[in-house]
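# Observations on the three-dimensional arrangement
Here's the letter readout for the chains.
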Amino acid sequence: MPTLSLEDLVQRNIDYAPSHTPMPTLEEAAAAGGDMECTLVITCVDFRVRVEEMLQLNAQDKVLVCRNPGGRVAAAMEQIMLFKVFLSLKRIVVIHHSDCGASHFKDHLIREALLNQHPDHPEIENMVFGSFDNLEQGVRDDLEVLKNSPFVPEELKEQCFGYTYDIKTGLLSPVH
Ligand SMILES: [Zn+2]
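The structure reproduced in this document is the subject of the present report. (Residues numbered from 1 in each chain as written. Predicted model: local features only at pLDDT ≥ 70, side-chain atom pairs only at ≥ 80, totals over all residues. Heavy atoms only, no water.)

### Structural notes on the overall build of the protein
- Per the secondary structure count, the protein includes seven helices and five strands.
- Considered along the principal axes of its C-alpha atoms, the protein spans approximately 55 × 50 × 40 Å.
- Relative to its 176 residues, the protein shows a buried fraction of 30%.
- Just so you have it, the protein exposes about 11600 Å², and 57% of that area is on carbon and sulfur atoms.
- In the protein, 15 side chains carry a positive charge and 27 a negative one; their mean positions are 5 Å apart. (Helix = DSSP H or I, 4+ residues; strand = E, 2+ residues; numbered from the N terminus. Buried < 20%, exposed > 50% of the residue type's maximum accessible area, 1.4 Å probe, protein only. Areas by Shrake-Rupley, 256 points an atom, 1.4 Å probe, with all protein chains shown as cover. Lys, Arg positive; Asp, Glu negative; His and termini not counted. Charge placed at Lys NZ, Arg CZ, Asp CG, Glu CD.)

Put into structure tokens, the structure is as follows:
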């Protein structure tokens with residue numbers, strides 16, 4: 001497989017721009033009326049998780065996508081708090097996926113490797129990298145983090161949902 005170069009990426013953007021649909025500014029969107037209630041999707045950075053495609057998203061849907069390794073809620077908490085201040089979040093959807101890299105590494109091994117590289121930084125001992133052993137349980141754990149957070153309003157806690165995503169079938173499965 002040929003390696004993607006930076007020039008390739010820039011050229012793809014040049015090729016894409018003529019078909020680009022201009023997006024409204026936030027001011028224009030507000031002036032056009034309608035609610036500004038957003039759904040927040042928290043999912044993995046993995047390139048196999050193509051959120052816009054699998055959920056058929058468009059800009060009018062007002063879906064914010066927050067990505068980090070594993071799609072872990074703890075790593076997204078500061079963003080959730082930020083959105084809460086200046087946006088109206090009506091729903092949070094946590095999506096973890098099959099064959100996730102975060103299920104292949106272990107936090108303690110990452111910490112060990114980093115401490116070897118940076119022996120003068122003991123704070124690494126306290127770092128969390130989001131590894132998980134069981135796909136469904138990882139989603140359940142993250143829903144618990146939302147439900148137990150003092151920073152998630154009660155009405156939003158009622159609108160937190162979890163799914164696993166199968167990278168082979170493209171299907172979501174609810175996690176209860
Ligand atoms: Zn992943």
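### Let's talk about unusual backbone geometry
- For Gln-56, which is not glycine, the phi dihedral falls at a positive 50°.
- In this fold, Gln-56 is placed in the loop between helix H3 (51-54) and strand S2 (63-67).
- Residue Gln-56 is classed as exposed on the basis of its relative accessible area, which comes to 64%.
- Positive phi, close to 55°, is recorded for Lys-62, a residue that is not glycine.
- Here Lys-62 is to be found in the loop between H3 and S2.

### Quick look at the environment of Asp-107
- Its location among the elements puts Asp-107 in helix H5 (residues 107-117).
- Taking the C-alpha atoms as reference points, Asp-107 and Pro-174, 67 residues apart in sequence, are found 26 Å from one another.

### Regarding the sheet that holds S2
- Strand order in the open sheet made by the five strands is S2-S1-S3-S4-S5, with mixed pairing throughout. Strands with a single pairing partner mark the edges of an open sheet, and in this sheet they are S2 and strand S5 (172-175). For this sheet, the mean inter-axis angle between neighbouring strands, taken without regard to orientation, is 30°.
- Of the pairings in the sheet, the one linking strand S1 (residues 37-43) to strand S3 (residues 88-97) comprises seven bridges and is parallel in character. Its bridge partner being in S3, Leu-40 is matched across the sheet by Ile-92.
- Lying over the sheet, helix H4 (residues 73-86) contacts S1, S2 and S3, oriented at roughly 165° with respect to S1. (Pairing = 2+ DSSP bridges. Axes fitted to C-alpha atoms, helices over the stretch in contact; angles between N-to-C directions. Contact = heavy atoms within 4.5 Å.)

### A closer look at the side chain of His-96
- The topology assignment puts His-96 in strand S3.
- Among the polar contacts made by the side chain of His-96, one reaches the main-chain carbonyl oxygen of Gly-71 at a distance of 2.9 Å.
- Here the side chain of His-96 touches Asp-142 through a polar contact of 3.2 Å, side chain to side chain.
- His-96 has contacts with Gly-70, Gly-71, Arg-72, Phe-132, Leu-135, Gly-138, Val-139, Asp-142, Tyr-163, Thr-164 and Tyr-165, leaving out every residue within four places of it along the chain. (Polar contact = N/O pair within 3.5 Å; in protein donor to acceptor, adjacent residues only side chain to side chain.)

### A look at the pattern of salt bridges
- Applying the stated criterion to the full structure yields seven salt bridges.
- Between Asp-133 and Lys-106 there is a salt bridge whose closest N-O contact spans 2.8 Å. In this pair, Asp-133 is assigned in the loop between H5 and helix H6 (135-148) and Lys-106 in the loop between S3 and H5, connecting sequence segments 27 residues apart.
- By relative accessible area, Asp-133 is classed as exposed at 67%. (Salt bridge = Lys/Arg side-chain N within 4 Å of Asp/Glu carboxyl O.)

### So, the packing of H4 against H6
- Their axes nearest at 10 Å, the elements H4 and H6 cross at an angle of 35°. Crossing of H4 against H6: the hand is right-handed. In this structure, H4 uses Val-73, Met-77 and Ile-80 to contact H6, whose residues at the interface are Asp-142, Val-145 and Leu-146.
- Its residues assigned to classes, the contact of H4 with H6 comprises five nonpolar, no polar and one charged. (Left-handed = near helix turned anticlockwise from the far one by under 90°. Nonpolar A, V, L, I, M, F, W, Y, C, P; charged D, E, K, R; others polar.)

As far as function goes, none of this settles anything; it's purely spatial.
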